[in-house]
Amino acid sequence: MTTVEPLPADEVERLAAMTLDEDLALGPDVTTTATVPPDARATARLVSRAEGVVAGLGLAAAVFAHRGVDGFDAVVRDGDRVGPGDVLAHVTGPVAQILTAERSALNLLTHLSGVATATARWVDAVAGTGAVIRDTRKTLPGLRAAQKYAVRCGGGHNHRMGLGDQALVKDNHVTAAGGIAPAVRAVRAQFPDVFCEVECDTLDQVREAVAEHVALVLLDNMDPATMHEAVAICRGAQVRTEASGGLRLDTARAVAATGVDYISVGALTHSAPQLDIGLDL
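Residues numbered from 1 in each chain as written. Predicted model: local features only at pLDDT ≥ 70, side-chain atom pairs only at ≥ 80, totals over all residues. Heavy atoms only, no water.

Colleague: Sorry if this is basic, but what is going on with the state of the cysteines here?
Modeller: Put plainly, two cysteines are in a disulfide when a covalent bond ties their sulfur atoms together. Using the criterion set out here, one finds zero disulfides in the structure. Of the cysteine sulfurs around Cys196, a residue in no disulfide, the closest is that of Cys200, at 10 Å. Between Cys234, a cysteine without a disulfide, and Cys200, which holds the nearest cysteine sulfur, the sulfur-to-sulfur distance is 7.3 Å. The exposure class of Cys234 is buried, given its relative accessible area of 0%. (Disulfide = S-S within 2.5 Å. Buried < 20%, exposed > 50% of the residue type's maximum accessible area, 1.4 Å probe, protein only.)

Colleague: Just to check I follow, could you spell out the sheet that holds strand β3 (residues 71-74) for this structure?
Modeller: Working definition: the strands of a sheet are paired by backbone hydrogen bonds and lie parallel or antiparallel to each other. The strand order across the open sheet built from four strands is β3-β5-β1-β12, with neighbouring strands paired in antiparallel fashion. Each end of this open sheet is capped by a strand with a single partner; those strands are β3 and β12 (277-280). Adjacent strand axes in the sheet meet at a mean angle of 15 degrees when their direction is disregarded. Both β3 and strand β5 (residues 87-94) contribute to a ladder of four bridges, which runs antiparallel. Bridge pairing links Phe72 to Val91 in β5. With respect to the sheet, helix α3 (residues 57-66) is in contact with β3, β5 and β12, its orientation differing from that of β3 by roughly 170 degrees. (Pairing = 2+ DSSP bridges. Helix = DSSP H or I, 4+ residues; strand = E, 2+ residues; numbered from the N terminus. Axes fitted to C-alpha atoms, helices over the stretch in contact; angles between N-to-C directions. Contact = heavy atoms within 4.5 Å.)

Colleague: Explain the pattern of salt bridges here, please?
Modeller: Oppositely charged side chains may form a pair once their charged atoms are brought near each other. Under the counting rule described, the total for this entry stands at 10 salt bridges. Via salt bridges that share partners, Asp204, Arg207 and Glu229 belong to a single interconnected network. (Salt bridge = Lys/Arg side-chain N within 4 Å of Asp/Glu carboxyl O.)

Colleague: Please clarify how the nonpolar core should be interpreted in this entry.
Modeller: For soluble globular proteins, the rule of thumb is that nonpolar side chains tend to be buried together. Residues Val206, Val217, Leu219 and Ile263 are the most contacted members of the largest nonpolar core, which totals 79 residues. A per-element tally of this core places helix α4 (residues 95-125) first, with 12 residues. Leaving out residues up to four positions away in the same chain, Leu219 has contacts with Cys200, Val206, Met227, Ala230, Val231, Thr241, Glu242, Ala243, Ser244 and Val260. (Core = buried A, V, L, I, M, F, W, Y, C linked by side-chain atoms within 4.5 Å.)

Okay, here's the thing in structure tokens:
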């Protein structure tokens, strides 16, 4: 497995605390407090119920640690592929604390593993074409860094993290500025060192963007034939290309065959189903 750039430690701690705070906002875990002897200890297993790619084990471990669970021994690593029945980790500690943290930990682990699994399917679909799968800013508030980490676990790459690290001139910016050229020039006038990408719907817009020597052209909702022609225009000017909009997994390879450098998929983060993972005491 390729080493994945980890989530920063402060982000792990923030998310672990946030999810527990939400679960315990109305008081202690009354069910566990009433049914579990306070001195009971046990070992539980985190087990995958389906095939997928794991992401978020470190977050799950942090959630348990916040509740005083003193043992978390991972059997696999984030980015590993697993199947039904595979044990992901052993969790050892006070039973009451394991059960109080269970859903908080699983919420993060199953969601992020779902994102990683969805990403891996897209990566597999375009394997060997040279196209790179990457995410968008269509993420859940508060979870962007974690979701983008999960994309990396699935073999994908990250697009911009926020609105300030790259410029992406979209259709509404073009309308507001009076055209692609004025929009690009306005960005460069105020932020000359920022990477600039332009969204294009037509070949005429592609030519206009290329004439401005932008770094990357986003080909929005183009059919493969038009996209292939757009890629040729951009490649001749050494401008990179990215396909986006209206993409489906079953047509991903056809899109990649047009020669685009990147395929950006919002569904990796906004529509990924959870990977079914359970905790067995």
